[in-house]
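Structure assessment
Given next are the chains, with one letter for each unit.
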Amino acid sequence: MEAWFALLVGVFFTVAVYLMLSKFIIRVLLGVAVLGNAVNLLIFTGGRLMRGVPPVIADDAQVLAGPAANALPQALILTAIVISFSFFAFLLVLSWRAYDDLETDNTDEMRVAEPVNEPAPPLGY
Amino acid sequence: MSRRHRWDTDCVMAASTSPPLDLSAALVLAPPTAAEWLVILPVVWCLILGALLVMMRRNVSLHPVIAIVGLAGLVGIDGLLLLEVIRNGPLTMVMGRWLPPFGIAFTADLTGALFALIAALVALAAGVFSIADINDSGRRYGFYPLLMVLMAGVTGAFMTGDVFNLYVWFEVLLISSFGLLVLGSEHEQIDGTVKYGFLNLVATTLFLVATGYLYAVFGTLNMADIARKAEGLRSNAPLMTLAGLYTLAFGMKAAAFPVNFWLPASYHTPRVVVSALFAGLLTKVGIYALIRVMVMLLPVEREELSFVLAIAASLTMIVGVLGALAQSDFRRLLGFLIISGIGSILAGIAVGGPGGIGGAIFYALHSMLVMTALYFASGIAMRLGASASIVTLAGLYRRHVGFAALSLMLCFAVSGLPPFSGFWPKVMLVKAALDIGAWWLAAVLLLAGFLTTIATGRLFLLAYWREQAVAVGETPPLPAATLAPLAALTLLTLVLGLYPEPLLATIQDAAAGLDDPSAYRESVFPGGWPQ
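Residues numbered from 1 in each chain as written. Chains lettered and ligands numbered in written order. Predicted model: local features only at pLDDT ≥ 70, side-chain atom pairs only at ≥ 80, totals over all residues. Heavy atoms only, no water.

**Observations concerning the layout of surface pockets**
Of the volumes computed, that of the largest pocket is approximately 1,800 Å³. Taken together, 48 residues form the lining of the largest pocket, with I57(A), Q62(A), V63(A), A26(B) and F102(B) sitting closest to its centre. Within the residue set of the lining of the largest pocket, elements represented by two or more residues are α3 (71-102) of chain A together with α6 (163-181) and α8 (223-233) of chain B. Broken down by element, the residue count for the lining of the largest pocket peaks at five residues, all from α3(A). For the lining of the largest pocket, the per-class residue count stands at 29 nonpolar, eleven polar and eight charged. In this structure, the second largest pocket spans a volume of roughly 600 Å³. For the lining of the second largest pocket, the elements supplying multiple residues, two or more each, are α1 (2-20) and α2 (25-46) of chain A together with α7 (187-218) of chain B. With eight residues, the single largest contributor to the lining of the second largest pocket is α7(B). (1 Å grid on protein atoms, 1.4 Å probe; cavity = no way out; pocket = protein on both sides within 12 Å on 5 of 7 lines; lining within 4 Å. Points joined across faces, edges and corners; volume = space filled by probe spheres on them. Helix = DSSP H or I, 4+ residues; strand = E, 2+ residues; numbered from the N terminus. Nonpolar A, V, L, I, M, F, W, Y, C, P; charged D, E, K, R; others polar.)

As structure tokens, this is what we get:
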């Protein structure tokens, strides 16, 4: 099952990179969201995929009898989901404000902070 | 090291029906000592003050006072921590008392404590500068709470001994930096924040990718544990992949070429004090993380990558300083000088060894002080000259001689000229590069220094010495809150340049501690490894 998940993660990363290469900010934003999920799936897969094996140690044993899915990566994902969701919310509002104020969603045309034809620094007095 | 004294805990669990549990196998049973509280105190202090300031949002006139007193307290705490670490070696405190590697460990070693102290000094200077720079609307918007949370994130990143926890602190400082960057909501700021926000989020996501792989390979996130396990895993685990991913992610956070373009797009747009803070803190957190991971955790991989790092360092230095030469906006020029400085630090990491790493740490600390002060200077120049462009800015020397003198000292310092703090790390880096036979890297370091001298020299010539062509109006009064932090940081630069021995000795110990992290490991795992 890990191999299939690895492929799925690869597809997620491909989609994310493709979207992020766009000039249009909303597509970049969607790319970032997909990227976050790609990473979450990656960590999830890294923690071993097992169905229906509770990681509970028997009373008379010191360690688990067989392999079970690692719970820690799932805790890591939980943290990462919360963080990436809040960042997504912030960037969504920021993109909306940028569209509203700068009147474009094309990053090539966002040149307010870096004007195209700035005068070169003077060469003498 | 008696705090992990393992008690016989049978009596503790007497009431339980299950067989008696030996808690000492899972928990630190001895209460933490006062010194150990120092490791977590800076972060807790910042978070509590940040929360307090949020609660006082209707009383913004008190915000600066509380923030400045709080930041002065932070300097004190970090100073005490540094003294404690110098005296007794690295300090560790584990969260929830779980034994490492299961509990998240906070470990302060010399490198972390040094960075934290300088960061607190920079933040204190910025706190004072902000009195004159942040108006009421900025205060209502939440400048001071964001500043405190930013400091919590920065300090947490310097203190943590857990890789995933490092990622969380990166996100804490990133989200507060977003808030600071858009403070004012001008068109320029929104434009800058879009580029800063997206590219930095991608960088931290790359960091998370690397950390996901790291956990899959090592089965642990504790830095001391990783450093121990790397030796055994080297033959059959993809550690080079990890090293490459971490280099890319932290390089992007540090604004190294070719992933530096978010920095010059955004650092000149916010309030001056925010630029100054970011110049001092954010890229240096990336550098710190790179040093921590590449030097302490994956030293063999750093050695393998050293040529790639050296090429990236050279290009970062040259691209940075050429960018600075091409700019006419004061703050954009400074943005490129930050990048050039990052190149010098990367050169130290590429060279490695006590000289290279020591030089990199010293340069990073110097750069934190000097770049912050230079951004303060740009803010004062904009107040005095009513312009940000060196095309129109002129006659600052006539308007305020003392300010011009401080600025000239900073120009010397950032170019690496004696007798200022930039000189010594540059000497260390050049010597370390020559020692391993990388004469071309030494040449690039010197060339970058020379070009920086030209860039800052031209800045001084045009903005300060050039006579004002149009009639000079009344010079606006300069608030003491702007000049005092500039003077303090410049003086510190001068003192560190004239008398570098104590800092130099500490930095050499810090570099040695990264090269051989046995004291760090001993602090996290007193009395050997867990079974």
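**Observations concerning helix α3 (residues 110-133) of chain B**
Here α3(B) is 24 residues long and its end C-alpha atoms lie 34 Å apart, about the 34 Å a rise of 1.5 Å per residue gives. The buried fraction of α3(B) amounts to 19 of the 24 residues, a majority that puts the element mostly inside the structure. (Expected span 1.5 Å × (residues − 1). Buried < 20%, exposed > 50% of the residue type's maximum accessible area, 1.4 Å probe, protein only.)

**A few points about the pattern of salt bridges**
Taken as a whole, this structure holds 16 salt bridges over all chains when the rule is applied. With a shortest N-O distance of 3.8 Å, E114(A) and R332(B) are connected by a salt bridge. Here E114(A) is found in the segment after α3, whereas its partner R332(B) is found in helix α13 (residues 330-351) on a different chain. Assessed through its relative accessible area of 8%, R332(B) is described here as buried. Members of the salt-bridge network, linked through shared partners, are E114(A), E118(A), D191(B), K195(B) and R332(B). (Salt bridge = Lys/Arg side-chain N within 4 Å of Asp/Glu carboxyl O.)

**Describing helix α20 (residues 501-515) of chain B**
Residues and elements named next belong to chain B. Taking 1.5 Å per residue, 15 residues should reach 21 Å; α20 reaches 21 Å between its end C-alpha atoms and fits that length. All of the buried residues along α20 are L503, L504, T506, I507, A510, A511 and L514. Buried residues in α20, looked at end-on, bunch into an arc of 165 degrees, giving them a common side. Check the buried side of α20 and you find it contacts α2 (63-88), α3, α11 (272-297), α14 (353-385), α17 (423-435) and α19 (480-498). (Arc of directions from axis to C-beta. Contact = heavy atoms within 4.5 Å.)

**Brief notes about the packing of aromatic side chains**
Each aromatic ring pair is summarised here by two numbers: the centre-to-centre distance and the angle between the ring planes. For the coordinates displayed, the defined rule picks out 28 aromatic pairs over all chains. An angle of 75 degrees between the planes, with centres 5.5 Å apart, marks the rings of F87(A) and F178(B) as edge-to-face. Pair noted here: F87(A) is in helix α3 and F178(B) is in helix α6, and the two residues belong to different chains. We classify F178(B) as buried; its relative accessible area is 0%. Geometrically, the ring pair formed by F129(B) and F376(B) is stacked, given 4.4 Å between the ring centres and 10 degrees between the ring planes. With F129(B) in helix α3 and F376(B) in helix α14, this residue pair connects regions lying 247 residues apart in the sequence. An aromatic cluster of at least three residues, connected via ring pairs, comprises F87(A), F90(A), F178(B), Y196(B), W262(B), Y267(B) and F278(B). (Phe/Tyr/Trp six-rings, centres within 6.5 Å; stacked < 30°, edge-to-face > 60°.)

**Observations concerning the environment of A324(B)**
Residues and elements named next belong to chain B. Of note, A324 is situated in helix α12 (residues 299-326). Along the sequence, A324 and Y196 sit 128 residues apart, while their C-alpha atoms lie 19 Å from each other. Among residues more than four places away in sequence, those in contact with A324 are L333, F336, L337, A455 and R458.

**Observations concerning the nonpolar core**
Counting 220 residues, the largest nonpolar core has L281(B), F403(B) and L486(B) as its most contacted members. Apart from residues lying up to four places away in sequence, F403(B) is in contact with A377(B), I380(B), A381(B), L384(B), L396(B), Y464(B), L483(B) and L486(B). (Core = buried A, V, L, I, M, F, W, Y, C linked by side-chain atoms within 4.5 Å.)

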